[in-house]
Amino acid sequence: MKTNTALAVLAALGGAHAFWRMECHGQVGLARIDPLVNPDEVGQHVHAIHGSSGFSMKATYDDLINADCTSCAVRQDKSVYWAPALYFQHANGTFQYVEQVGGMLAYYFLNPDRNDPNGKITAFPRDFRMIAGDSLRRNYSVGDPKAVDPEKSLWASLGQTSQLDLEQRALGFNCLDYNKDPEGSLFRHYLPDKEYLDANCHNGIRIEIMFPSCWNGKDVDSPDHKSHVAYPDLTMDGFCPKGFETRLPGLFYETIWETNAFAGIPGRFVLANGDVHGFGYHADFMMGWDVDFLQQAVDTCTNSSGRIQDCPIFDIQSRDEEESCQMQQPRILANELVAGLVGNTLPGGVPIQDGPGPATMKNPGPATASVQVPTVTYAPGVKPTDTAYLPGQVLHETSSSASTSTSASSAEAEINALAQPATTPAPTSLPVDDGKYSVVRTEYITEGNVVNMIVVKEAVEYVTVTTTTVTAPKARRHLHRHGRRHHH
């Protein structure tokens, strides 16, 4: 099915909010590489990487901007955009990579600070880098997890505008079904379970993340790659906090994953960092533009269509050129299996850690509890009126394959909950096996201000068994084009 690309940006308070949508159809790499968190060493989990072929475990600004190619559509953009890959765990424990559909879209929103509606948007400086989200997060702590977000106008009065709160609301898991109106962006802040995905998301899942767009005006990085930037009080727009008055382009990533290819196959989806609920989704950015050119683009590429083709200073390359651009894989990772069926563990041996406490970078042993996630619901995107454009609200992806006509169910993700203690933290020491007894699980019970750790053990008995190999069923693949339809 051939579709036309059309985007709408409506007038907002203080004037029209311009933007452009950077198309990155090609994956420049799929590997355990993260030069921000794990510089010059193998990363903890697999990332889907888009952008400059100069990316590496110790990439610098000069490496990126002097690279031979980019997997994004604009030749002048040698930035790198990356986020965790998505896998499917079959019922027999085997993990399989979930294919991306159409690469990644990186929106550049040019929203001024509401304290200064006519203020300047400053281009990212040389060597700038940042991270959005928290890979180790395994819960949702903003209000009632079973309720949808309150109206944004109420966030401040509810005390829900801390950077921790805004960071959690900067995640979106958009259920795609092209036979009905699209969901609003950042509507759902967790990954629905497979039952819901099979019944409702017939065209896959679009994972979204918004980056902070307020800067302290001096530091290009910080030890945690976050402290030099901040979210405005409405996540995508609003007022910048004191000390972060410099407004940057607002980066927003969209990535579609072909979860529908696994419809009817027993198992579950899990992010490469061992997160099955999505609370730990995150993304990284390394600046790779010529600073003066990017500032020129920020100042002049303000066509309300949002199309990069409507900005005359952009040099657009073909999709074939995008998809042919590849980074050089480090020798240590050259033979690591990260696509297709990858074995009985996630690449790197990353354990699945349910929460609700933070995950660890190392294998912590058996999971201690399950975590409560919000009730699965659906809400169509609304057409903007007097607010800035939000991606996904009037658009959705189009597919070249027919969609299943299964009606949406009222399934709920009812997962056994263990509330995170709100007083003192749980004990940090982990129980160990003593040879005679094996740890089955660890539970935490809060009594007043005290958190008690209860360790359940069972006797260990060794027996000899005969094992057989079970081959995971092949996922059904559908080819898609990363297009969009415009709804009025």
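Residues numbered from 1 in each chain as written. Predicted model: local features only at pLDDT ≥ 70, side-chain atom pairs only at ≥ 80, totals over all residues. Heavy atoms only, no water.

Asker: Could you clarify how one ought to interpret the pairing of strand β7 (residues 86-90) in this entry?
Answerer: Look at any regular strand and the pattern is simple: side chains alternate between the two faces of the sheet. In terms of burial, β7 is a largely internal element, five of the five residues being buried. Both faces of β7 are covered, namely the face carrying L86, F88 and H90 and the face carrying Y87 and Q89. As paired strands, β7 and strand β17 (residues 267-271) are joined by five bridges and run antiparallel to one another. Note that in β17 the partner of Y87 across the bridge is V270. (Buried < 20%, exposed > 50% of the residue type's maximum accessible area, 1.4 Å probe, protein only. Helix = DSSP H or I, 4+ residues; strand = E, 2+ residues; numbered from the N terminus. Pairing = 2+ DSSP bridges.)

Asker: So what exactly am I meant to see when it comes to the state of the cysteines here?
Answerer: What is meant by a disulfide is a covalent connection between two cysteines, made through their sulfur atoms. Throughout the structure, instances matching the rule amount to five disulfides. Between C175 and C201 runs a disulfide, and the two sulfur atoms are separated by 2.1 Å. An S-S torsion of about -120° defines the bridge between C175 and C201 as left-handed. One end of the pair, C175, is in strand β11 (residues 171-175); the other, C201, is in the loop between α3 (194-200) and β12 (205-210), with 26 residues separating them in the sequence. Judged by its relative accessible area of 1%, C201 is buried. At a sulfur-sulfur separation of 2.1 Å, the disulfide partner of C214 is C240. Disulfide C214-C240: the torsion about the S-S bond is -80°, which places it as left-handed. Residue C214 is found in strand β13 (residues 214-215), and its partner C240 is found in the loop between β14 (229-230) and β15 (246-247); the two are separated by 26 residues along the sequence. Like C214, the residue C240 is buried in the burial classification. Sequence-ordered numbering of the bonded cysteines in the protein gives a disulfide pattern of 1-3, 2-10, 4-5, 6-7, 8-9. (Disulfide = S-S within 2.5 Å.)

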